[in-house]
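So you can see what is in the structure, the chains are spelled out below.
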Amino acid sequence: MMDQLGIKALRPGPSGNDKAPDHANFDESKANPFPDLPDALILKNGQRVTSAQWWHQRRPEIVEAFEREVLGRVPPNAPKVTWTVTSTTDSKVGVFPVIKKQLVGHADNSSCESINADIDMTLVTPANAHGPVPVMMMFGSAAFLKRMADMAASHPEWKAMMGSDPASTEQLIAGGWGYALIDPGSIQPDNGAGLTKGIIGLANKGQPRKPEDWGALRAWAWGASRGLDYLETDKIVDARRVGIEGVSRFGKAALVAMAFDTRFAVVLVGSSGEGGAKPHRRNFGEAVENLTGSGEYHWMAGAFLKYGAAEASFGTRNAGDLPVDSNELIALCAPRLTFISYGIPEKGDAKWLDQQGSFMATVAASPVFRLLGAKDLEVTQDYHTAKMPPVGTGLLDGQLAWRQHDGGHTDAPNWKYFIPWADKFLNYHAAPWELPADQPVFRTDPNSLVAHSQLLGKAKHGGIDVYFEGDSITRRWGAIDYPDLLANWKQNFFGWNAADFGWGADQTQNILWRLENGELDAVNPKVVVLLAGTNNLGHASGPGDADARADDVTRGLHAIVRVIQTKAPAATIIVMGLFPRNDNIALMPAIDRINGNLSRFADGRKVRYLNINDKLAGRDGRLFDGMMNAKDRLHPTVKTYQLWADALKPVLTELLGPPVAVDHAPPPTGDPAAQR
């Protein structure tokens, strides 16, 4: 390729090792030797672009430049791909029933039978779907996901990098989406030697590339488009709502796929760096010379080597000579949903990726989104001076979105934000899952998953002798966002090392999931106080008959008790009777039945049953005045919490002795949304 281009020598790329003499630049004052990015809204003739001109003139100009100089062209003889469903099975993703289809996309190799490029893809869709569902195509394979899960299970530092959220595949299925895993290695090998193999080798009949031939990024994106060809034919897939996702080099490929194939509706670009969202013109971390080096040149068109040339027949060229840059690659996605994701260097998303530069490029792409009627990041600063928002502060109000999470080289912590963001703009409302009360299920809203992460931190703090578990009735008592209730909590429990692990709106399924996913691990409390189940009664799912619903909730509470016994075998469990519900008096027979069931499975020793309802309401279940707040008639007032404390304190004194002068429990937490 160098001979074809007349290149005699290439500049070496900088090292990612800060201690190496040729280390990459991480000094922001030296980061912008070519400060101006190409303007996506100026035609080659210098004319300012209108919306009509974007589609008919400017977009084709940008595409042509990327194909000619950066990513390469898909050859006119690219083979036809024929898809075959090799198996269809009923399966599960986590607890969710799914339908799994294994597919092979056979690339016609009749012109060069010695090269095979069959594409492996797996389509997984929720079994409860009543109609077509959105699907996220993800670069990877089932084997790759298993390796990642095994890595997280055996390496705590890897798990810390990924975060505490459920796997992206589980979040998608829980949210009513499907996903398609497409194996990039089955499309094109990820190495220079593979350029005479895979789909690139097949199109070239095993011969070396020409300068404008495609590289692996464009080949992987082409393979994703062929996967989309199939998805458009599958009746379970909503072809208008198919997205594409990838991380690192596959984040680059996902961005390329979205940019070139306008059928994709949404993209999640994870930690893509140089060749992805990072501007080539930025001298910060990875550089153009790394992409033209021996380890990465195969991602790009052969012609891209010109921009790393130190000595050539045409002289030398550098990043400033490129006709296009990453802001225009992002702009090619407009006005469709485009989410740029990064992590933090402290957790492994290295400075090498240039998060700040990628943010600048995203800001620079914003005018194209606005021109086409989409909402952008709404950053008021010019891209030259725009600074990233604080970690964890997402710019998610428009079709162009940005969020830097607090994890590592992954997009895992951003899925909980990505899915509801995409749902909103795609106007998608999933069919609800109907699962029994004793089935552990995570909450899909981002605030609940953030709260889970905070509660994990509280559990790791240690020093907890009394562990309160439940829903919002429990949570509010020891939460910083309810200061009057927190004052009552401290007044009653200080010196007993009590900590509150309740979470609002949780059903028994959600409490089970939290307990099974770390919130009670190694805490070793002496007493656990449990009040839960009322939210199951007010939920549409589950058995319709009142007695059947009550028995279902009882099974859920019994399952919670069993998990507590497993994880905290030395603890005495105090199971509270459900409080009266005057917001819906028709629920009282079910509450009475549940409470009767609870009283029978308590043994009076390690599992104790405590019911204070006779102090809260009359025999007809009607609450006495002042017991629940007037707004919802569901959540207790300070008066009721004090009655609960008065009932608990004799039991705690019996089990723990009187409270002491020093308390070792972790500081109270609150609703993450209330803290922002």
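It should be emphasised that the depicted structure is a prediction, and the values quoted were computed from it without experimental measurement.

Visitor: Teacher, can you tell me more about the overall build of the chain here?
Guide: The secondary structure content of the chain amounts to 21 helices and 16 strands. Relative to its length of 676 residues, the chain is compact, with a C-alpha radius of gyration of 29 Å against a globular reference of 26 Å. Each principal axis of the C-alpha atoms in the chain carries an extent, and together these give about 95 × 55 × 45 Å. Sorting the 676 residues of the chain into buried and exposed places 58% on the buried side. Sequence-distant contacts in the chain: of pairs separated by 6 or more residues, those separated by 24 or more amount to 75%. Averaging the locations of the 69 positively and 76 negatively charged side chains of the chain gives two centres separated by 1 Å.

Visitor: I would appreciate a short explanation of the sheet that holds strand β15 (residues 572-576) in the present structure.
Guide: By definition, the strands of a sheet pair up through backbone hydrogen bonds, in either a parallel or an antiparallel sense. The parallel open sheet is built from 5 strands, whose spatial order is β13-β12-β14-β15-β16. One side of each edge strand has no neighbouring strand; the edge strands of this open sheet are β13 (498-500) and β16 (607-610). This sheet shows a mean twist of 20° between the axes of neighbouring strands, independent of strand direction. Pairing of β15 with β16 involves 4 bridges; the strand directions are parallel. Note on β16: the bridge partner recorded for I574 is R608. Packing against the sheet, helix α20 (residues 588-601) makes contact with β15 and β16, and its axis sits at approximately 145° to β16.

Visitor: Please clarify how the nonpolar core should be interpreted in this entry.
Guide: Counting residues in hydrophobic clusters, the biggest one holds 129 residues, and the most contacted among them are W54, M137, I199, L231, I244 and F418. Of the residues forming this core, the biggest block, 10 residues, is contributed by helix α8 (residues 216-231). Core analysis: the next-biggest nonpolar cluster, separate from the first, contains 37 residues, L512, V523, L530 and I564 among them.

Visitor: Help me out: how do you make sense of helix α17 (residues 508-519) in this one?
Guide: Along an α-helix, residues three or four positions apart point the same way, because every turn accommodates 3.6 residues. Taking burial as the measure, the 12 residues of α17 include 10 buried ones, the bulk of the element. Every buried residue of α17 is listed here: T508, Q509, N510, I511, L512, W513, R514, L515, G518 and E519. Against the buried residues of α17 lie α14 (446-461), β12 (466-470), α18 (534-537) and α19 (546-567).

Visitor: How should I be thinking about the environment of N77 in this particular structure?
Guide: Here N77 lies in the loop between α2 (51-70) and β2 (81-93). Spatially, the C-alpha atoms of N77 and G140 are 26 Å apart, while their sequence positions differ by 63 residues. Here the side chain of N77 touches A203 through a polar contact of 3.0 Å, landing on its backbone oxygen.

Visitor: Sorry, what's going on with the side chain of R514 here?
Guide: Along the chain, R514 falls in helix α17. Taking relative accessible area as the criterion, R514 reaches 4% and is therefore assigned buried. A polar side-chain atom of R514 sits 2.8 Å from a polar atom in the side chain of E469. When sequence neighbours within four positions are dropped, the list of residues in contact with R514 reads H452, L455, E469, G470, F501, G502, W503, D506 and E519.

Visitor: Teacher, can you tell me more about unusual backbone geometry here?
Guide: It is generally the case that most residues other than glycine have a negative phi and that most peptide bonds are trans. The linkage connecting A334 with the following residue, P335, adopts the cis geometry, with an omega of 0°. Here S271, not a glycine, exhibits a phi torsion of approximately 45°, which is positive. Tracing the backbone shows S271 in the loop between β8 (266-270) and α10 (288-291). Backbone geometry at E378 places phi at a positive 60°, although glycine is not the residue there.

Visitor: Looking at this structure, how should I read the environment of P389?
Guide: By secondary structure assignment, the location of P389 is in the loop between α12 (355-371) and β11 (400-404). In this structure P389 comes out as buried when scored by relative accessible area, which is 14%. Separated by 14 residues in sequence, P389 and R403 have C-alpha atoms that sit 8.3 Å apart. Leaving out residues up to four positions away in the same chain, P389 has contacts with F359, L395, W402 and Q404.

Visitor: I would appreciate a short explanation of the side chain of E286 in the present structure.
Guide: Along the polypeptide, E286 turns up in the loop between β8 and α10. Of the side chains with opposite charge, K252 lies nearest to the buried E286, which makes no salt bridge, at 4.3 Å. When neighbours within four sequence positions are excluded, E286 is seen to be in contact with K252, E274, K278, L291, E296 and W352.

Visitor: What exactly am I supposed to notice about the sheet that holds strand β6 (residues 178-182) here?
Guide: Pairing is mixed across the open sheet formed by 9 strands, whose spatial order is β2-β3-β4-β6-β5-β7-β8-β10-β11. Every other strand in the sheet has two partners, leaving β2 and β11 as the edge strands with one partner each. Between one strand axis and the next, the sheet turns through 20° on average, direction left out of account. Pairing geometry for strand β5 (residues 133-139) and β6, over 5 bridges, is parallel.

Thresholds applied
- Residues numbered from 1 in each chain as written.
- Predicted model: local features only at pLDDT ≥ 70, side-chain atom pairs only at ≥ 80, totals over all residues.
- Heavy atoms only, no water.
- Helix = DSSP H or I, 4+ residues; strand = E, 2+ residues; numbered from the N terminus.
- Rg over C-alpha atoms; globule rule 2.2 N^0.38 Å.
- Buried < 20%, exposed > 50% of the residue type's maximum accessible area, 1.4 Å probe, protein only.
- Contact = heavy atoms within 4.5 Å.
- Lys, Arg positive; Asp, Glu negative; His and termini not counted.
- Charge placed at Lys NZ, Arg CZ, Asp CG, Glu CD.
- Pairing = 2+ DSSP bridges.
- Axes fitted to C-alpha atoms, helices over the stretch in contact; angles between N-to-C directions.
- Core = buried A, V, L, I, M, F, W, Y, C linked by side-chain atoms within 4.5 Å.
- Polar contact = N/O pair within 3.5 Å; in protein donor to acceptor, adjacent residues only side chain to side chain.
- Salt bridge = Lys/Arg side-chain N within 4 Å of Asp/Glu carboxyl O.

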